Amino acid sequence: MLDNQKTGVGYYVARLTESLQAAHADELELTGYYFNFLNRRGDKVPAGSRLKFHKIWLVPGKLLAVCRRLGFQPWLELFVRPRADVVFFTNYVSLPQLRRRKTALAIYDLSFLDAPEFAQERNLKYLKRFCPPSIRSADVIITISEFTRSRLEYHFPDLKADIVVTLIPPAEEAIPKTELSQTLLDKGVKDGSYLLYVGTIEPRKNLEKLVEAYGLLDQSLRDKFALVLAGGKGWKDEGILTAVAKGQAKGQKIILTGYVSDAEKDALYQHAACFVLPSHYEGFGMPVLEAMRQGAPTALSDIPVFHEVAGTASVYFDKDDAADMAQKLASVLEDESLRKSLSEKGEARLKVFSWQENAAKVYQALE
């Protein structure tokens, strides 16, 4: 939540906790704890936050990581002594407690059980060891889609915890259209002339297949539309980077932007001809709604959770079939009226999602 370069979990935690405070400031006190050993990193608390934060400054955060690598979890009270009714662990794994308090746990997906081949080896080992017991011991599990709820019920049929589903809305209303940054322009990104992917560069996102599909587009379309892959470096990305390099060597306009700021991301959505997310597996798909919020038409892999997110406001393709992916992308790029229709449907779809509703659900569960 406090990282300068947030990814999906960080955005979700920030928005949920701020929404809880906005809706229930008189009934609910939220206090966050974060590692800042001996104040070496300076304060990273977001300006204007309505939350209270306490630094864990006497114990290094690396101690927690070392314990987990050694195969055990330290007590929560080694780091903090919360005077709390409920302890909310926001990232898959809880800590044991000397004094048992009610526990809420956020679970975003179960890809480490459903699709372990896409996980980073160290992270996979960590999640398989510590996430299942955390799930079984939780009093409330907060998740982000009915799909993930169904996977929790499948893998943990004797689960006793209440499961609260909080579909993820975009952060705010669409902002006024902004210009592409000079950094993006210098990398070859041009207004309205690109297919856009936003997310970490990692195998679960199926980017090798997307690069293959882009190469199958007619030359006239590739001359007009670049493929922009916007996101930070992930894991097991060697195959993706090799596919990109091969495409570039053939003269294909494939652009890797690296991590982009929030402002740059908004501008990329606003100026894209189409946003594409070809994932093998997702817990939700927050970039889909971010794209819709900025008016971008969307094309998505035909997986259940994306239908839950986008409904009829998107074009869907077979994630394992590059030819089908290319055909569906071409249909969007070639048809301006289809792009306009998808944008309008996306704008209507956004009204299904509400942070206020999510805050109400979570507050009721905490009560």
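Above this text sits the structure in question.
These remarks concern the structure in this document. (Residues numbered from 1 in each chain as written. Predicted model: local features only at pLDDT ≥ 70, side-chain atom pairs only at ≥ 80, totals over all residues. Heavy atoms only, no water.)

**What about the sheet that holds strand β10 (residues 274-277)?**
Phase 1: Read across the open sheet, the 6 strands follow the order β9-β8-β7-β10-β11-β12; overall the sheet is parallel. The sheet terminates laterally at β9 (254-258) and β12 (315-317), the two strands that pair on one side only. For this sheet, the mean inter-axis angle between neighbouring strands, taken without regard to orientation, is 25°.
Phase 2: Along the sheet face, helix α9 (residues 238-249) touches β8 (226-230) and β9 and points at about 135° away from the line of β9. (Pairing = 2+ DSSP bridges. Helix = DSSP H or I, 4+ residues; strand = E, 2+ residues; numbered from the N terminus. Axes fitted to C-alpha atoms, helices over the stretch in contact; angles between N-to-C directions. Contact = heavy atoms within 4.5 Å.)

**Considerations on the nonpolar core**
Phase 1: In this structure, L196 and L268 are the most contacted members of the largest nonpolar core, which totals 117 residues.
Phase 2: Per-element tally for this core: the top contributor is helix α13 (residues 322-334), with 7 residues. (Core = buried A, V, L, I, M, F, W, Y, C linked by side-chain atoms within 4.5 Å. Buried < 20%, exposed > 50% of the residue type's maximum accessible area, 1.4 Å probe, protein only.)

**Brief notes about helix α5 (residues 146-155)**
Phase 1: Where α5 is concerned, the buried positions are F147, T148 and L152. The arc that holds every buried residue of α5, seen down its axis, measures 140°, which confines them to one face.
Phase 2: Tucked into the core, α5 has its buried residues touching α4 (121-137), β5 (140-143), β6 (162-165) and α12 (304-310). (Arc of directions from axis to C-beta.)

**Overview of the pairing of strand β3 (residues 86-89)**
Phase 1: Residues V87 and F89 point to one face of β3 and are all buried, whereas V86 and F88, pointing to the other face, are not buried.
Phase 2: As paired strands, β3 and strand β4 (residues 102-106) are joined by 4 bridges and run parallel to one another. Note that in β4 the partner of F89 across the bridge is L105.

**Some remarks on a negative patch on the surface**
Phase 1: A contiguous patch of negative charge, built from D218, E334, D335 and E336, is present on the exposed surface.
Phase 2: Along the chain, D335 falls in the loop between α13 and α14 (336-349).
Phase 3: On the accessibility criterion, D335 (31% relative accessible area) is partly exposed. (Patch = residues over 30% accessible without salt bridge, like charges linked within 9 Å, V, L, I, M, F, W, Y side chains within 5 Å. Areas by Shrake-Rupley, 256 points an atom, 1.4 Å probe, with all protein chains shown as cover. Salt bridge = Lys/Arg side-chain N within 4 Å of Asp/Glu carboxyl O. Lys, Arg positive; Asp, Glu negative; His and termini not counted. Charge placed at Lys NZ, Arg CZ, Asp CG, Glu CD.)

**Focus: the environment of D320**
Phase 1: Relative to the helices and strands, D320 is located in the loop between β12 and α13.
Phase 2: For the pair formed by D320 and L210, sequence separation is 110 residues and the distance between their alpha carbons is 9.7 Å.
Phase 3: With residues near it in sequence (within four places) discarded, D320 still touches K209 and H280.
Phase 4: There is a polar contact of 3.1 Å between the side chain of D320 and the side chain of K319. (Polar contact = N/O pair within 3.5 Å; in protein donor to acceptor, adjacent residues only side chain to side chain.)

**Comments concerning the pattern of salt bridges**
Phase 1: Evaluated as defined, the whole model comprises 16 salt bridges.
Phase 2: Across the pair K205 and E282 runs a salt bridge, and its minimum N-O distance is 2.6 Å. Of this pair, K205 sits in the loop between β7 (194-198) and α7 (207-216) while E282 sits in the loop between β10 and α11 (286-293), placing them 77 residues apart in sequence. By the burial criterion, K205 is buried, and E282 matches it.
Phase 3: Linking E290 and K265 is a salt bridge whose minimum nitrogen-to-oxygen distance equals 3.5 Å. Of this pair, E290 sits in helix α11 while K265 sits in helix α10 (residues 262-271); the two residues are 25 residues apart in sequence, bridging distant segments of the chain.
Phase 4: By relative accessible area, E290 is classed as buried at 5%.

**Here's the deal with the pairing of β9**
Phase 1: Inspection of the sheet shows β8 paired to β9 by 4 bridges, in the parallel sense. Note on β9: the bridge partner recorded for V228 is I255.
Phase 2: The handedness of the β8 to β9 crossover, carried by α9, is right-handed. (Right-handed = clockwise from strand over helix to strand, strands pointing away.)

**Considerations on the packing of α7 against α9**
Phase 1: Where α7 meets α9, the closest approach of the two axes is 9 Å, and the angle between their N-to-C directions is 15°. The angle between α7 and α9 places the two elements in the roughly parallel class. Seen from above, α7 lies across α9 with left-handed handedness. Contacts between α7 and α9 involve L207, E208 and V211 on the former and, on the latter, G239, I240, A243 and V244.
Phase 2: Of the residues that constitute the contact of α7 with α9, the class distribution is 5 nonpolar, 1 polar and 1 charged. (Parallel < 35°, antiparallel > 145°, perpendicular 65-115°, else oblique. Left-handed = near helix turned anticlockwise from the far one by under 90°. Nonpolar A, V, L, I, M, F, W, Y, C, P; charged D, E, K, R; others polar.)

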